[in-house]
Amino acid sequence: MFARSSLGRIASQRPTLGTAPQNARNMATLREIELRLKSVRNIEKITKSMKMIASTKLAKAQRAMQAGKQYGSANSEIFQHTPPETPSKHKLFVVVSSDKGLCGGIHSSVSKATRRALAEPDQADPASPVMVIGDKSKAQLSRVLSQNMTMSFNQIGRDIPTFADAAGVADLIVKSGIEYDSVSIVYNKFVSAISYEATTVEIANEKLLKESPGFRAYEMEDDFAKDLAEFALANAIYAALVEAHACEQSARRNAMDNASNNAKDMINKLTLQYNRGRQASITNELVDIITGASAL
């Protein structure tokens, strides 16, 4: 009898000012999990949409890449038959990237390849000038090669690159007045839909073309070597742009696919955590009801 009256007094007492119910902390945790679930679901929708867009753009980029490779193969055939007598060390590095991110480490690959090439004195002069196409690689290389940076280009490759874009870049390089023996174009080579690799292609300048044994065997006009060097540079830049664009779209699709899978795994974990917390909260409430009922 005394125990029942004591429990009755305790149950009838009002909660102290400033205290919260026992399950308030649990409810707050469930609310946080619910908000996080909603946020992750929205992110999953965005990544899935970006994956679909990248897949559509990749098909167009691959068709453009196949057409652009013909320009690069024509250049390779010319310079294979006209190798210079002495390899050049004072090179102009043209790094091909883009202005957009969310595509994995595709920009870091060309930046690392450029740093490795400049770190080898036998292959290139460490003071060789560097030009960058795209803001992403520009930001990376500016931190370590700020003294080598001479020019940068942006707003190129927002859509499928054209030969006009490459010709404009080549014209600015020629008119820049920078002295170099050859141009080394660093870009990402398309290996497959899930892989790529950083590659370098070299284009000789007017002086090296005139001094090569293959060209000295023929009589040429004065402007022939100059026009050929400029046209070969534009061809090589165009082939690098379209192939790098295809690599970017492929890498973005893969990155968004991985992000969607990660979001799906996180949703499953949060859902399980939310259900467990909700079940524990319901169980605690049932225990409180049963305990209170038995105490009466």
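First things first, this report covers the structure right here in the doc. This one's a predicted model, so the numbers in the text were calculated from it and none came from an experiment. (Residues numbered from 1 in each chain as written. Predicted model: local features only at pLDDT ≥ 70, side-chain atom pairs only at ≥ 80, totals over all residues. Heavy atoms only, no water.)

## Overview of the overall build of the chain
Across its full length, the chain holds 8 helices and 5 strands. Reading the secondary structure of the chain in the N-to-C direction produces α-α-β-α-β-α-β-α-β-β-α-α-α. Per-residue burial for the chain yields a buried fraction of 36% across its 296 residues. The long-range share in the chain, meaning contacts at least 24 apart out of those at least 6 apart in sequence, stands at 76%. Only carbon and sulfur atoms are counted for the fraction: they give 54% of the accessible area of the chain, which is about 17900 Å². (Helix = DSSP H or I, 4+ residues; strand = E, 2+ residues; numbered from the N terminus. Buried < 20%, exposed > 50% of the residue type's maximum accessible area, 1.4 Å probe, protein only. Contact = heavy atoms within 4.5 Å. Areas by Shrake-Rupley, 256 points an atom, 1.4 Å probe, with all protein chains shown as cover.)

## Focus on unusual backbone geometry
Unusually for a residue other than glycine, L102 sits at a positive phi of about 55°. Note that L102 resides in the loop between β1 (91-96) and α3 (106-118). Under the relative-accessibility criterion, L102 is labelled exposed at 56%. Despite not being glycine, Q155 shows a phi value in the positive range, around 60°.

## Focus: the sheet that holds strand β5 (residues 195-204)
If you walk across this open sheet you meet the 5 strands as β3-β2-β1-β4-β5, and the pairing is mixed. Sheet topology places β3 (149-153) and β5 at the edges, where each strand pairs with a single neighbour. Within this sheet the neighbouring strands show an average axis-to-axis angle of 25°, counted without direction. Note: β1 against strand β4 (residues 182-192), 5 bridges, orientation parallel. (Pairing = 2+ DSSP bridges. Axes fitted to C-alpha atoms, helices over the stretch in contact; angles between N-to-C directions.)

## Focus: the nonpolar core
Considering soluble globular proteins, one finds that nonpolar side chains tend to be buried as a cluster. In this structure, V96, I133, I173, V183, I185, L209 and I237 are the most contacted members of the largest nonpolar core, which totals 34 residues. Looking at this core, the elements with two or more residues in it are β1, β2 (130-133), α5 (163-175), β4, β5, α6 (206-211) and α8 (224-295). Element by element, the count of residues in this core is highest for α8, at 13 residues. Once residues lying within four places of it in the same chain are set aside, the contact partners of L209 are F79, A204, F215, A225, L228 and A229. In terms of nonpolar packing, the next biggest core, distinct from the first, is built from 13 residues, V95, L118, A124 and M149 among them. (Core = buried A, V, L, I, M, F, W, Y, C linked by side-chain atoms within 4.5 Å.)

## Some remarks on the pairing of β1
Most of β1 sits inside the fold, with 6 of its 6 residues counted as buried. Where burial is concerned, the two faces of β1 agree: the one with K91, F93 and V95 and the one with L92, V94 and V96 are both buried. Here β1 pairs with β2 via 4 bridges, running parallel. Among the inter-strand pairings, V95 is bridged to a residue of β2, identified as V132. Handedness of the β1-α3-β2 crossover: right-handed. (Right-handed = clockwise from strand over helix to strand, strands pointing away.)

## Some words on a negative patch on the surface
Together, E221, D222, D223 and D227 make up a region of like negative charge exposed at the surface. Tracing the backbone through its elements, the reader meets D223 in the loop between α7 (213-216) and α8. (Patch = residues over 30% accessible without salt bridge, like charges linked within 9 Å, V, L, I, M, F, W, Y side chains within 5 Å. Salt bridge = Lys/Arg side-chain N within 4 Å of Asp/Glu carboxyl O. Lys, Arg positive; Asp, Glu negative; His and termini not counted. Charge placed at Lys NZ, Arg CZ, Asp CG, Glu CD.)

## Observations regarding the pattern of salt bridges
A full pass over the atoms with the stated rule returns 6 salt bridges. For K51, the salt bridge identified is with D257, shortest N-O distance 3.2 Å. Pair noted here: K51 is in helix α2 (residues 24-81) and D257 is in helix α8, with a separation of 206 residues, a long-range link. Using a relative accessible area of 29% as the deciding quantity, one classes K51 as partly exposed. Across the pair E248 and R252 runs a salt bridge, and its minimum N-O distance is 2.9 Å.

## Considerations on a nonpolar patch on the surface
Taken together, the side chains of I282, L286, I289 and I290 make up a nonpolar region of the molecular surface, amounting to roughly 400 Å² of accessible area. Here I290 shows up in helix α8. Judged by relative accessible area, which is 58%, I290 ranks as exposed.

## Points about the environment of I106
Structurally, the position occupied by I106 is in helix α3. For the pair I106 and E197, spaced 91 residues apart in sequence, the C-alpha to C-alpha distance is 8.8 Å.

## Considerations on the side chain of S250
Position of S250 among the secondary structure elements: in helix α8. Ignoring sequence-local partners within four residues, the contact set of S250 consists of L58, F190, S192, A193 and I194.

## Concerning the packing of aromatic side chains
Scanning the model with the defined rule gives 2 aromatic pairs in all. The interplanar angle of 55° and the centroid separation of 6.2 Å between the aromatic rings of F163 and F231 together place this pair among those described as tilted. Linking F163 in helix α5 with F231 in helix α8, this pair joins segments that are 68 residues apart in sequence. By relative accessible area, which is 47% here, F231 ends up partly exposed. (Phe/Tyr/Trp six-rings, centres within 6.5 Å; stacked < 30°, edge-to-face > 60°.)

Structural measurements only, silent on function.
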